[in-house]
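Summary of the model geometry
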Amino acid sequence: MSVKDHSDDISTPHGDVESMLRDSIWAQNLDSVALDHVRSQITEREVGPGDYVCHQGYPADHWIGVIQGLVKLSVLSPEGKAITLTGVNAGGWFGEGSLLKDEPRRYDGIAVGQTRVALMPRATFTWLLDNSIAFNRFLLRQLNERLGLFISMVSFDRMLRPEARVARCLATLFNSYLYPNGSLSLKVSQEDVAQLCGMSRQRANQALRELEANGLLKVEYGRINIQDLEALRDYGE
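As the structure is a prediction and not an experimental result, all values here were calculated from the model.

Some remarks on the packing of helix H6 (residues 133-159) against helix H7 (residues 162-172)
Put simply, H6 and H7 touch, their axes get as near as 10 Å, and they point 170° apart. The orientation of H6 relative to H7 falls into the category roughly antiparallel. Contact residues: H6 offers Leu149, Phe156 and Asp157, while H7 offers Arg165, Arg168, Cys169 and Thr172. Class assignment of the residues belonging to the contact of H6 with H7 gives a composition of 3 nonpolar, 1 polar and 3 charged.

Description of the sheet that holds strand E8 (residues 217-220)
One open sheet holds the 3 strands; their spatial order is E7-E9-E8, and the pairing between them is antiparallel. Looking at the sheet topology across the chains shown, the edges are occupied by strand E7 (185-186) and E8.

Here we look at the UniProt feature "domain: HTH crp-type" (unreviewed entry) in the protein chain
Following the UniProt record, the feature "domain: HTH crp-type" (unreviewed entry) maps to residues 160-230 here. Span residues 160-230 is 48% helix and 14% strand, its end C-alpha atoms 17 Å apart.

Describing the environment of Arg161
When you line up the elements, Arg161 lands in the loop between H6 and H7. Setting aside chain neighbours within four positions, we find Arg161 in contact with Glu210 and Tyr235.

A look at the UniProt feature "domain: Cyclic nucleotide-binding" (unreviewed entry) in the protein chain
In the numbering adopted here, UniProt assigns the feature "domain: Cyclic nucleotide-binding" (unreviewed entry) to residues 26-146. For residues 26-146, helix accounts for 36% and strand for 39%, while the C-alpha atoms at its two ends are 16 Å apart.

Digging into a nonpolar patch on the surface
A cluster of nonpolar side chains, Ile83, Leu85 and Phe150, forms an exposed patch at the surface whose accessible area comes to about 220 Å². Relative to the helices and strands, Leu85 is located in strand E4 (residues 82-89). With relative accessibility at 31%, the residue Leu85 sits in the partly exposed group.

Points about the nonpolar core
Ranked by size, the top nonpolar core spans 28 residues in total, and within it Val166, Val193, Leu211, Leu217 and Leu232 carry the most contacts. Of all the secondary-structure elements, those providing two or more residues to this core are H7, helix H8 (190-197), helix H9 (201-213), strand E9 (223-226) and helix H10 (229-234). Here the element with the most residues in this core is H7; it accounts for 6 residues. Those residues in contact with Leu211 that lie beyond four places of it in its chain are Glu163, Val166, Ala167, Leu216, Leu217, Leu232 and Tyr235. Listed in part, the 23 residues of the second largest apolar core include Val17, Trp26, Ala27 and Ile67.

Some remarks on the side chain of Asp31
By secondary structure assignment, the location of Asp31 is in the loop between helix H2 (25-28) and helix H3 (32-41). Asp31 gets classed as buried once you look at its relative accessible area, which sits at 18%. In this structure the side chain of Asp31 is engaged in a polar contact, spanning 3.2 Å, whose partner is the backbone nitrogen of Val33.

Overview of unusual backbone geometry
A positive phi angle is found at Asp102, which is not glycine, with a value near 55°. Its place among the elements puts Asp102 in the loop between helix H4 (96-101) and strand E6 (108-121).

Some remarks on the pattern of salt bridges
Evaluated as defined, the whole model comprises 14 salt bridges. With a closest N to O distance of 2.8 Å, Glu145 and Arg141 form a salt bridge. Residue Glu145 and its partner Arg141 are located together in helix H6, separated by 4 residues, close to a single helical turn. Residues Glu210 and Arg161 are paired through a salt bridge, measuring 2.8 Å at the closest nitrogen-oxygen approach. Note that Glu210 is positioned in helix H9 and Arg161 in the loop between H6 and H7, a separation of 49 residues in sequence. Taking relative accessible area as the criterion, Glu210 reaches 25% and is therefore assigned partly exposed. The structure contains a network of salt bridges with shared partners spanning Arg161, Glu163, Arg203 and Glu210.

Calculation criteria
- Here the residue index of a chain counts from 1 through its sequence in written order.
- Totals for whole chains, interfaces and linings use all residues, but because this is a predicted model, local features are given only for residues with pLDDT of at least 70 and pairs of side-chain atoms are given and counted only at 80 or more.
- With hydrogens and water set aside, each side-chain value is computed from the structure's full complement of heavy atoms.
- Note on method: axes are straight lines fitted to C-alpha atoms, helices fitted across the in-contact stretch only, with angles between N-to-C directions ranging 0 to 180 degrees.
- Helical segments are the DSSP runs of H or I of at least four residues, strand segments are the runs of E of at least two, and each set is numbered from the N terminus.
- Note that the term roughly parallel is reserved for angles under 35 degrees, roughly antiparallel for angles over 145, roughly perpendicular for angles of 65 to 115, and oblique for everything else.
- By definition in these notes, contact holds between two residues if any of their heavy atoms fall within 4.5 Å.
- Any residue outside Ala, Val, Leu, Ile, Met, Phe, Trp, Tyr, Cys, Pro, Asp, Glu, Lys and Arg is labelled polar, Gly included; the first ten of those are nonpolar and the last four are charged.
- Any two strands are treated as partners once DSSP identifies two or more bridges connecting them.
- UniProt positions are given in the numbering used here, feature names are shortened, and annotations may be inferred rather than shown by experiment.
- For patch building, the residue pool is restricted to those with more than 30% relative accessible area and no salt bridge; the joining distance is 9 Å between like charges and 5 Å between nonpolar side chains (Val, Leu, Ile, Met, Phe, Trp, Tyr).
- Values of accessible area rely on a 1.4 Å probe in the Shrake-Rupley scheme; residue burial ignores everything except the protein chains shown.
- One side-chain nitrogen of Lys or Arg within 4 Å of one carboxyl oxygen of Asp or Glu is enough to make a salt bridge.
- A 1.4 Å probe rolled over the protein chains alone gives each residue an accessible area, and that area as a share of the maximum for its type sets the label: buried under 20%, exposed over 50%, partly exposed in between.
- By nonpolar core we mean a set of buried residues, namely Ala, Val, Leu, Ile, Met, Phe, Trp, Tyr and Cys, connected to one another through side-chain atoms within 4.5 Å.
- Here a polar contact is recorded for every N or O atom pair within 3.5 Å, except that within protein the pair must consist of a potential hydrogen donor and a potential acceptor, and residues adjacent in sequence are included only if both atoms are side-chain atoms.

Now the structure itself:
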């Protein structure tokens, strides 16, 4: 399998599987024959707001990509409370851990707003593992990025005040390696932000107002536009 160089340029938001694959780092490293094979196996699915993309405890039959929208990954506490672990923005792929370990899903994937996802069958995922060194390197990097993300989120919760937690949490959704979608806009409600950041809606709203007053973002109805991503990443230092 031949390997192609990929550009560091970030493209426009995705509208379909083809455009998402053009922007996916792992796909840019496939030759045309391999890419055509992979594309022929991927299906698309529309998911409504609040509907499930995948279920905790169910078999992991697909690697899942977010073409449009946002998916929150969450678990239920013993008391039945939903706890959001993180979000997967457009351009991102998730679920490789369960596929690699051949175990049921460890979390629910729930659409935040109208969302479109790409479903790569387990057999195709395994075929890439067996045939593409570049794909394996991508997965190593992606797993490392995710590990760094979760370590950072634990430190945010323990060390930062709520305003900085919201800033850093939002910034994690614009990791250019995990989510190469090129957009600096999130179609989310303030309630969604509160769940992603693990705090009350009232506290999240106060934090968003402070961040907006400082010129880091703009809050609109059902949408947040990022105006200074680097400042969000460093907020609170």
